[in-house]
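Residue-level structural notes
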Amino acid sequence: MIEFKHVFKEYDNNVIAANDFNITIKQGEFVYVVGPSGAGKSTFIKMMYREEMPTSGQIKINEFELEKIKNKEVPFLRRELGVVFQDFKLLPRLTVFENVAYAQQVIEKSPEEVKERVERVLELVGLTDKTTMFPNELSGGEQQRIAIARAIANKPRVLIADEPTGNLDPNTANDIMEIIERINKEGTTVVMATHNSSIVNERKHRVLEIDDGRIIRDQKRGGYKDESNNR
């Protein structure tokens, strides 16, 4: 479960990126986070994996109270989370297999466990034939699939996706969404920030809309825009 209670975030330049966020996301939900650039979406996402700290308020991810945990405990929080970025963030000198295995090796899984899990997640994203290739030998869509495989290698309870289809053509974006929805159906909570209106409108899930640091809409199975205004 993800819970924000009276969360404020103010940056040094007096910009308020989170103005009294009160949100509960239950295990297994799929939530889109939408809104214009600069609205506070990235801050919301970054606070979940403790890249940013709130100025005040409480954030709880499963059993972790983020404002209370020490820096040395942050890696344990992040084992509960998988994070996928718009620009993939793959390690260029590692092969596909090594990029995905890295997340497992950090937590000292045995070579046998690593091999089994890497094969499983590469099968899930449809890239079992690319294990020995390097990121620069892959298309953008293939790189994003590898990034997703890496993010779910440790079986996270929460998958955070920050504009995962932002650099992809519509067909490839739909392929990526198929994979993310499949992961969600297996019980993983998905929180996805996106500007892709067609995906949000066609693949209905809960929508959180942020504007000017405020949550202005929380709609079950909503569209990219507030459909109630169009009636």
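Below is a short write-up of the structure. Just so you know, these numbers come straight off a predicted model, no measurement behind them. (Residues numbered from 1 in each chain as written. Predicted model: local features only at pLDDT ≥ 70, side-chain atom pairs only at ≥ 80, totals over all residues. Heavy atoms only, no water.)

For the rest of this paragraph, the subject is the sheet that holds strand β4 (residues 56-61). Strands sit in the order β2-β1-β4-β5 across an open sheet of 4 strands; the sheet is antiparallel. Each edge of the open sheet carries a strand with a single partner, namely β2 (16-25) and β5 (64-65). Two strands pair when backbone bridges link them, and strand β1 (residues 2-10) and β2 are joined in this way by 6 bridges, in the antiparallel orientation. When the bridges of β2 are listed, Glu-10 appears paired with Ile-16. The strands touched by helix α1 (residues 41-48) within the sheet are β1, β2 and β4, with β1 carrying the most contacts at an inclination of about 125°. (Pairing = 2+ DSSP bridges. Helix = DSSP H or I, 4+ residues; strand = E, 2+ residues; numbered from the N terminus. Contact = heavy atoms within 4.5 Å. Axes fitted to C-alpha atoms, helices over the stretch in contact; angles between N-to-C directions.)

Scanning the model with the defined rule gives 14 salt bridges in all. A salt bridge links Lys-115 to Glu-119; its shortest N-O distance comes to 2.6 Å. Separated by 4 residues within a single helix, Lys-115 and Glu-119 lie in helix α4 (residues 111-124), roughly one turn from each other. Judged by its relative accessible area of 40%, Glu-119 falls in the partly exposed class. Members of the salt-bridge network, linked through shared partners, are Glu-29, Arg-206 and Asp-218. (Salt bridge = Lys/Arg side-chain N within 4 Å of Asp/Glu carboxyl O. Buried < 20%, exposed > 50% of the residue type's maximum accessible area, 1.4 Å probe, protein only.)

Attention now moves to the packing of aromatic side chains. Considering all chains together, one arrives at 4 aromatic pairs under this definition. With a centroid separation of 5.2 Å and an interplanar angle of 65°, the aromatic rings of Phe-30 and Tyr-32 are classed as edge-to-face. Comparing Phe-30 with Tyr-32, the two get one shared label, buried. Measuring from centroid to centroid gives 6.3 Å for Tyr-49 and Phe-85, while their planes differ by 85°, and the two rings are edge-to-face. In this pair, Tyr-49 sits in the loop between α1 and β4 while Phe-85 sits in strand β6 (residues 81-85), placing the two residues 36 residues apart along the sequence. For Tyr-49, a relative accessible area of 8% corresponds to the buried category. Among the residues examined, Phe-85 registers a relative accessible area of 18% and is labelled buried. Clustering of aromatic rings is evident, with ring pairs tying together Phe-4, Phe-21 and Phe-44. (Phe/Tyr/Trp six-rings, centres within 6.5 Å; stacked < 30°, edge-to-face > 60°.)

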